[in-house]
Amino acid sequence: MSANRIPSRLRRLNKVQKISVAGVSALGVAALTFSLVPSNAEAEIAPQAAAAAAPVALTAAAGSAQAKTVQNSMIEQHSTAEQLVKAADAAKAKAAAETKAAAAKAKAASQAKAKAAAAAKAKAAQAKADAKKRESEAASRSTARKPVYANNLDGWIREAMAIMKKEGIPGSYDGIHRNIMRESSGNRWAINNWDINARNGVPSKGLLQVIQPTFDRYHVAGTKKDLYDPVANIVAACNYAADRYGSMDNVNGAY
C-alpha cells in the first residue's frame, strides 16, 4: 500500500499515539528477541527490554493521570452546574414567594383601606342621623315649651304679659284685667264713637281703647299691627301706660 493510500485517520495520529505505537513495536521486538536468545543471554537482554518498555509505561501513566484530571474537572464542572441550577431555582422560588407576599400585602392594605372608608362613611352617616335626631328633639322640646293660650280674655292677658316680660314692660294681671273691664268690658271689637278722639276722627278701639296714633307709636315688634288684635292692643296700651304712668297698674281711670 502506497503512502498516498494511507487513510487520513491514520495520518492524524498525535504525538502521544505515535509514541504508544512505537512503544508497542518495541515491546514486540523485545519479546521476539527474548524468545530467540538462549537462556544464558536472558540477563543481558532483560535490561534492554526494560529500557524499551519504559517509554510505554511512562506514556500509559501520563495518559492515566491526564484522564483522571479530565474526569475530576468534569465532575467539578457538573457539581458547579448543579449548584448553579439549585441556586437559580432557589432564587426563583424566593422571588415567587416575595411576589406572592407583596400581592397579599397589597390586597390586605386595599381591604383595610376599603374597610376604613366604609367605617368612616358609616360614622359620618351615624353622626348626620344623630344631629338630625337632636334637632328634631330640640324642635319638639321647643314646641312643647311654647305655651298655648286660650282664645279668650284670660288667654289674651296671659300671652300679652309673656311678651311684656320679655320686653321689660311692667304690669300685673289684675291691673290689666281691671282696666280692660272698665274700658271695654272685655269686648275686643269695642269702639268709642262719641268722645273727643272720635270727634277728631281717631276713635278709641279694642280691649283697652287705644287710638291709632298711640298704637302705632307704642306697638311692640312681634305682635300684629292690628289695633283690634287683643294681644297687640294690650301690649301697646301697657307700653304707653308704662311710659306715661309707670305701669298699667297705676291707671285707675281714662288715660
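Residues numbered from 1 in each chain as written. Predicted model: local features only at pLDDT ≥ 70, side-chain atom pairs only at ≥ 80, totals over all residues. Heavy atoms only, no water.

The protein chain appears in an unreviewed UniProt entry as Transglycosylase SLT domain-containing protein from Streptomyces durocortorensis.

Participant: Break down the overall build of the protein chain for me, with residues and values.
Facilitator: What the protein chain contains, in helices and strands, is 8 helices and 0 strands. Traced from its N-terminal end to its C-terminal end, the protein chain shows the element sequence α-α-α-α-α-α-α-α. Excluding contacts between residues fewer than 6 apart, the proportion of contacts in the protein chain whose partners are at least 24 apart in sequence is 49%. Accessible area of the protein chain: about 18,100 Å², with a carbon and sulfur share of 58%. (Helix = DSSP H or I, 4+ residues; strand = E, 2+ residues; numbered from the N terminus. Contact = heavy atoms within 4.5 Å. Areas by Shrake-Rupley, 256 points an atom, 1.4 Å probe, with all protein chains shown as cover.)

Participant: Outline unusual backbone geometry, supporting the account with residue identities and numerical values.
Facilitator: A positive phi angle, close to 60 degrees, is found at serine 185, a residue other than glycine. Within the secondary structure, serine 185 is located in the loop between helix H5 (173–183) and helix H6 (196–199). Judged by relative accessible area, serine 185 falls into the exposed class, the value being 56%. Positive phi, close to 45 degrees, is recorded for glutamine 209, a residue that is not glycine. Looking at the secondary structure, you find glutamine 209 in the loop between H6 and helix H7 (212–218). Judged by relative accessible area, which is 12%, glutamine 209 ranks as buried. (Buried < 20%, exposed > 50% of the residue type's maximum accessible area, 1.4 Å probe, protein only.)

Participant: Explain the packing of aromatic side chains to me, and be specific about the residues and the numbers.
Facilitator: Enumeration over the complete set of coordinates arrives at 3 aromatic pairs. Aromatic side chains tryptophan 189 and tyrosine 228 sit 5.5 Å apart centroid to centroid with 40 degrees between the ring planes, which places their arrangement in the tilted category. Note that tryptophan 189 is positioned in the loop between H5 and H6 and tyrosine 228 in the loop between H7 and helix H8 (230–245), a separation of 39 residues in sequence. Since its relative accessible area comes to 52%, tryptophan 189 is described here as exposed. With centroids separated by 5.4 Å and ring planes inclined at 70 degrees, the aromatic side chains of tyrosine 218 and tyrosine 240 adopt a geometry described as edge-to-face. A residue pair is termed long-range when its members are at least 10 positions apart, and tyrosine 218 in helix H7 and tyrosine 240 in helix H8 qualify at 22 residues. Across this residue pair, the class does not change: tyrosine 218 and tyrosine 240 are buried. Through successive ring pairs, a cluster of aromatic residues spans Tyr218, Tyr240 and Tyr255. (Phe/Tyr/Trp six-rings, centres within 6.5 Å; stacked < 30°, edge-to-face > 60°.)

Participant: Let's hear about the side chain of asparagine 179: which residues, and what values?
Facilitator: Along the chain, the position of asparagine 179 falls in helix H5. Polar side-chain contacts of asparagine 179 include one of 3.3 Å to the backbone oxygen of methionine 248. For asparagine 179, the contacting residues outside a window of four places in its chain are Leu208, Met248, Val251 and Asn252. (Polar contact = N/O pair within 3.5 Å; in protein donor to acceptor, adjacent residues only side chain to side chain.)

Participant: Explain the side chain of threonine 223 to me, and be specific about the residues and the numbers.
Facilitator: Tracing the sequence through the fold places threonine 223 in the loop between H7 and H8. Note on threonine 223: relative accessible area 12%, which makes it buried. A distance of 2.6 Å separates the side chain of threonine 223 from the backbone oxygen of valine 220, its partner in a polar contact. Contact partners of threonine 223, with chain neighbours within four places excluded, come to Ile163, Ala232 and Val235.

Participant: Mind laying out H5, listing which residues take part and the relevant values?
Facilitator: Within the sequence span of H5, burial applies to Gly175, Ile176, Asn179 and Ile180. Across the axial projection of H5, the buried residues extend over an arc of 125 degrees, all falling on one side. The inward-facing, buried residues of H5 contact helix H4 (153–167) and H8. (Arc of directions from axis to C-beta.)

Participant: So what about the nonpolar core? Which residues, and what values?
Facilitator: In summary, soluble globular proteins display a tendency toward joint burial of nonpolar side chains. Counting 27 residues, the largest nonpolar core has Ile176, Ile180, Leu208, Ile234, Met248 and Tyr255 as its most contacted members. Per element, the largest residue contribution to this core is 9 residues, and it comes from H8. For leucine 208, the residues in contact, after removing those within four places along its chain, are Ile176, Asn179, Ile180, Glu183, Asn233, Ile234, Ala237, Met248 and Tyr255. (Core = buried A, V, L, I, M, F, W, Y, C linked by side-chain atoms within 4.5 Å.)

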